[in-house]
Amino acid sequence: MDILGERNSYSKTDQDATFMRMKDDYMKNGQLKAGYNVQIATEGQYALAYNKQLIDFILRKQKYQKDLDILGERNSYSKTDQDATFMRMKDDYMKNGQLKAGYNVQIATEGQYALAYSINEKKSAVDRPWKRKFLGFSFTYHKEPKVRIAKESLKRMKNKVREITSRKMPYPMEYRIQKLNQYLMGWCGYFALADTKSIFLELDKWIRRRLRMCLWKNWKKPKTKIRNLIQLGVPQWQAYEWGNTRKGYWRISNSPILHRTLGNSYWRNQGLKSLEARYENLRQ
């Protein structure tokens, strides 16, 4: 009792030591180990290997400070190349979601996903500027070149419009115009950087012709065509002549009579938005 004092146990080999259950049990057998009165520091809880933990804390703090110095304003970096910044690449060739070094291209992508750029012999070349394209744009061949829309971009755009205005699909005209407005306004917002205004005017004409073709087919029967033409202000004899024509849908859509009756004002009233007007508004 004299040796115990206020303690509840002591070591026979070292009477100044107090037995307790250590949290880090290296022997994995639940044996008691001498702890030299560290209950006072742990306030009755299990004791930790403080010396080891303290050293680990110091080392981790030093590493953390070193990482902060390397990072700077970035949020990650590569261990093998500290100048490289890790990011999630859009094209993950390994298909395992691993992070790859990207050399700070986040600045170019404005915080969005970065593409996995690679050198492609078919796409990489030394050529005239107007013969190459970059991000959908190209250049004119004039002495003072202007930015223009690449031919491939126009081809993809027209294919999308053909899909929406396909006469094989029985879409209501309101639905076609709604889908066209959604696609064309976004497309024009991107390609408004081009300096060639004339292409937007030509596309407006082509789109209206596509819609005239769809509307002409929707009328189907000759008597329906005659009645609708008369309602649009066409003389009766002329409406009868064009209502019974045997010309194809695409050819009749470019006829003078449909140009006059189904012109710009008609489609504007139907809600169709103009690419030319959108372009001029964005270029101001």
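Note that the structure is predicted; figures quoted are calculated from it, not measured.

(A) Structural detail: the nonpolar core. Ranked by internal contacts, the top residues of the largest apolar core, which has 40 residues, are Trp187, Ile207, Trp267 and Leu275. For this core, the secondary-structure elements that each account for two or more residues are helix 4 (151-164), helix 5 (173-191), helix 6 (198-219), helix 7 (222-231), helix 8 (236-243), helix 10 (256-261), helix 11 (264-270) and helix 12 (275-283). Looking at which element gives the most residues to this core, the answer is helix 6, with 10 residues. With residues near it in sequence (within four places) discarded, Trp187 still touches Ile149, Ser153, Leu154, Met157, Phe200, Leu203 and Leu275.

(B) The arrangement of a positive patch on the surface in detail. On the surface, Lys220, Lys221, Lys223 and Arg227 cluster together into a positively charged patch. Within the element layout of this structure, Lys221 appears in the loop between helix 6 and helix 7.

(C) Spatial organisation of unusual backbone geometry. Unlike most non-glycine residues, Lys220 shows phi in positive territory, near 60 degrees. Mapped onto the secondary structure, Lys220 falls in the loop between helix 6 and helix 7.

(D) Structural view of the pattern of salt bridges. For the structure on display, the rule yields 3 salt bridges. In this structure, the salt-bridge partner of Arg283 is Asp195, at a minimum N-O distance of 2.8 Å. A residue pair is termed long-range when its members are at least 10 positions apart, and Arg283 in helix 12 and Asp195 in the loop between helix 5 and helix 6 qualify at 88 residues. In this structure, the salt-bridge partner of Lys197 is Glu280, at a minimum N-O distance of 2.5 Å. Separated by 83 residues along the polypeptide, Lys197 in the loop between helix 5 and helix 6 and Glu280 in helix 12 bring together distant segments of the chain.

(E) Expanded view of the packing of aromatic side chains. Under the defined criterion, the tally for this structure stands at 9 aromatic pairs. The interplanar angle of 40 degrees and the centroid separation of 4.9 Å between the aromatic rings of Trp187 and Phe191 together place this pair among those described as tilted. Of this pair, Trp187 and Phe191 are both found in helix 5, 4 residues apart, which corresponds to roughly one turn of the helix. We classify Trp187 as buried; its relative accessible area is 7%. The ring of Trp206 carries the charged tip of Lys158 above its face, separated from the ring centre by 5.3 Å. When the ring centre of Trp250 is taken as reference, the NZ or CZ atom of Arg209 above it lies at 3.8 Å.

Rules of the game
Residues numbered from 1 in each chain as written. Predicted model: local features only at pLDDT ≥ 70, side-chain atom pairs only at ≥ 80, totals over all residues. Heavy atoms only, no water. Core = buried A, V, L, I, M, F, W, Y, C linked by side-chain atoms within 4.5 Å. Buried < 20%, exposed > 50% of the residue type's maximum accessible area, 1.4 Å probe, protein only. Helix = DSSP H or I, 4+ residues; strand = E, 2+ residues; numbered from the N terminus. Contact = heavy atoms within 4.5 Å. Patch = residues over 30% accessible without salt bridge, like charges linked within 9 Å, V, L, I, M, F, W, Y side chains within 5 Å. Areas by Shrake-Rupley, 256 points an atom, 1.4 Å probe, with all protein chains shown as cover. Salt bridge = Lys/Arg side-chain N within 4 Å of Asp/Glu carboxyl O. Lys, Arg positive; Asp, Glu negative; His and termini not counted. Charge placed at Lys NZ, Arg CZ, Asp CG, Glu CD. Phe/Tyr/Trp six-rings, centres within 6.5 Å; stacked < 30°, edge-to-face > 60°. Lys NZ or Arg CZ within 6 Å of the ring centre and 35° of its normal.

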